[in-house]
Amino acid sequence: MAFHNGSILLAAPAGGDYEKVEGRDRETIECQRACEAVAADKTASDYDHIVWAYGVIWALFCVYGIMLWRRSERLSADVATLTRKLERMS
Amino acid sequence: MGRKLPLALFAIGAGTFPYCVQRVFLATPIERQMGTVQKIFYFHVPLAWIMMLLGVVCGVAAALQLRRGSRTAEAVAISAAEVLLVAGLGVLITGPIWGHATWGKAWTWDARQVSTGLLWLIFAAYVLVRHYGGVGSERLAAALAIFGAIDVPIIYYAVKIWKTTHPDNNVVGSLPPEMWASLWPCLGALVAMSMGLLLIRTRHEKTEMMLDDGWVQIEDLARESADKDKS
């Protein structure tokens with residue numbers, strides 16, 4: 001995009017001709033672009049926060065699930081040991 | 001049924017989760033004031049509700065344990081406290097992430113944040129006492145759980161009693177229907193997951209209690225037979 005005499009010229013393909021955009025001055029466009037940049041930064045920051053928040057929640061549940069699974073394995077081994085001991089005693 | 005119910009609950013949670021993501025990120029409009037980051041709400045708030053529910057469950061179960069000596073109630077209390085710690089950690093991490101983006105500050109020391117942090121610490125203390133406490137510490141731990149359950153209504157009414165950065169409780173009731181339509185499946189998925197974990201942990205605790213009894217009986221039998229051999 002280029003500015004020329006207060007009107008906006010959109011970059012054209014290789015030919016070098018520009019299409020003139022009527023009705024908007026340079027300041028308006030710059031202001032709009034600045035607002036869009038702020039909104040884009042906010043959205044990018046929001047996405048980071050969301051990824052962290054959702055990641056933490058599901059990581060916590062997964063870690064606790066793994067802890068329970070390991071406890072389950074340990075209890076099964078303990079039950080097996082107790083059963084063997086009972087069999088030896090009887 | 002006992003073994004299948006937790007698996008069924010996990011299946012419900014896992015099956016609902018993709019629908020939740022689709023609803024939250026594609027079907028629900030972006031909130032005008034907070035922007036995209038408001039989408040943390042759909043998991044943060046249900047987790048907070050689950051945490052408070054588990055606090056009450058743990059307190060009631062601990063009271064039953066003290067009054068009737070019920071071992072099932074004891075197992076439920078221990079399990080509820082542990083799952084509460086997981087849900088509570090989720091609330092205490094996602095809340096400041098959301099606060100950082102919305103209020104510009106992760107932790108504002110408002111009454112709801114402090115009372116929620118306190119609830120988590122009380123039940124962390126309960127779990128530690130249960131884990132490392134000696135003989136008789138289960139009664140002290142049960143009293144701690146009942147004390148912790150009293151904090152639940154304080155969390156709920158904190159925004160009414162004190163001036164807080166958290167919004168009023170009515171904000172959830174005033175949500176537009178499309179946001180409610182996203183909140184329900186998220187709540188359902190998290191409740192299913194939490195209840196599945198609670199059931200498994202309760203079964204572990206009861207198995208552990210039975211194992212303890214079994215080992216004590218074996219020791220007694222071994223001692224008796226040794227005494228017989230001597231005489």
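Up top is the structure these notes are about.
Described in the following lines is the structure provided in the data block. (Residues numbered from 1 in each chain as written. Chains lettered and ligands numbered in written order. Predicted model: local features only at pLDDT ≥ 70, side-chain atom pairs only at ≥ 80, totals over all residues. Heavy atoms only, no water.)

**A few points about the overall build of chain A**
Piece 1. Regarding its fold elements, chain A presents 1 helix and 3 strands.
Piece 2. For chain A, the sequential pattern of α-helices and β-strands runs β-β-β-α.
Piece 3. At a minimum sequence separation of 6, the contacts of chain A that also span at least 24 residues come to 10%.
Piece 4. Surface summary for chain A: the accessible area is close to 6500 Å², and the carbon and sulfur share equals 60%. (Helix = DSSP H or I, 4+ residues; strand = E, 2+ residues; numbered from the N terminus. Contact = heavy atoms within 4.5 Å. Areas by Shrake-Rupley, 256 points an atom, 1.4 Å probe, with all protein chains shown as cover.)

**Remarks on unusual backbone geometry**
Piece 1. In the Ramachandran plot, W109 of chain B falls in the positive-phi region, its phi being about 60° despite a non-glycine side chain.
Piece 2. If you trace the backbone, W109 of chain B turns up in the loop between α3 (71-102) and α4 (111-132).

**Looking at the side chain of R201 of chain B**
Piece 1. Examined against the element boundaries, R201 of chain B turns out to sit in helix α7 (residues 177-230).
Piece 2. Looking at R201 of chain B, its side chain comes within polar contact range of the side chain of E205 of chain B, at 2.9 Å.
Piece 3. Residues contacting R201 of chain B, with those up to four places away along its chain left out, are Y64, L68 and R71 of chain A together with I78, S79 and E82 of chain B. (Polar contact = N/O pair within 3.5 Å; in protein donor to acceptor, adjacent residues only side chain to side chain.)

**Describing the packing of aromatic side chains**
Piece 1. Taken as a whole and assessed by the stated rule, the structure comprises 12 aromatic pairs over all chains.
Piece 2. Judged by centre distance (5.0 Å) and plane angle (90°), the ring pair of Y156 of chain B and Y157 of chain B falls under edge-to-face.
Piece 3. Residue Y157 of chain B is classed as partly exposed on the basis of its relative accessible area, which comes to 41%.
Piece 4. Taken together, Y54, W58 and F61 of chain A together with F17, F25 and F43 of chain B form an aromatic cluster joined through their ring pairs. (Phe/Tyr/Trp six-rings, centres within 6.5 Å; stacked < 30°, edge-to-face > 60°. Buried < 20%, exposed > 50% of the residue type's maximum accessible area, 1.4 Å probe, protein only.)

**Concerning the interface of chain A and chain B**
Piece 1. Contact with chain A, which involves 28 residues of that partner, is made by 37 residues of chain B.
Piece 2. For the pair chain A and chain B, the summed buried surface comes to about 3100 Å²; carbon and sulfur atoms form 79% of the total.
Piece 3. At the boundary of chain A and chain B, one finds 3 salt bridges.
Piece 4. Summed over the shared surface of chain A and chain B, the number is 8 residue pairs in polar contact (both at pLDDT 80 or more).
Piece 5. In terms of residue class, the side of chain A that touches chain B is made up of 17 nonpolar, 5 polar and 6 charged. (Buried area = accessible area lost by both parts, 1.4 Å probe. Salt bridge = Lys/Arg side-chain N within 4 Å of Asp/Glu carboxyl O. Nonpolar A, V, L, I, M, F, W, Y, C, P; charged D, E, K, R; others polar.)

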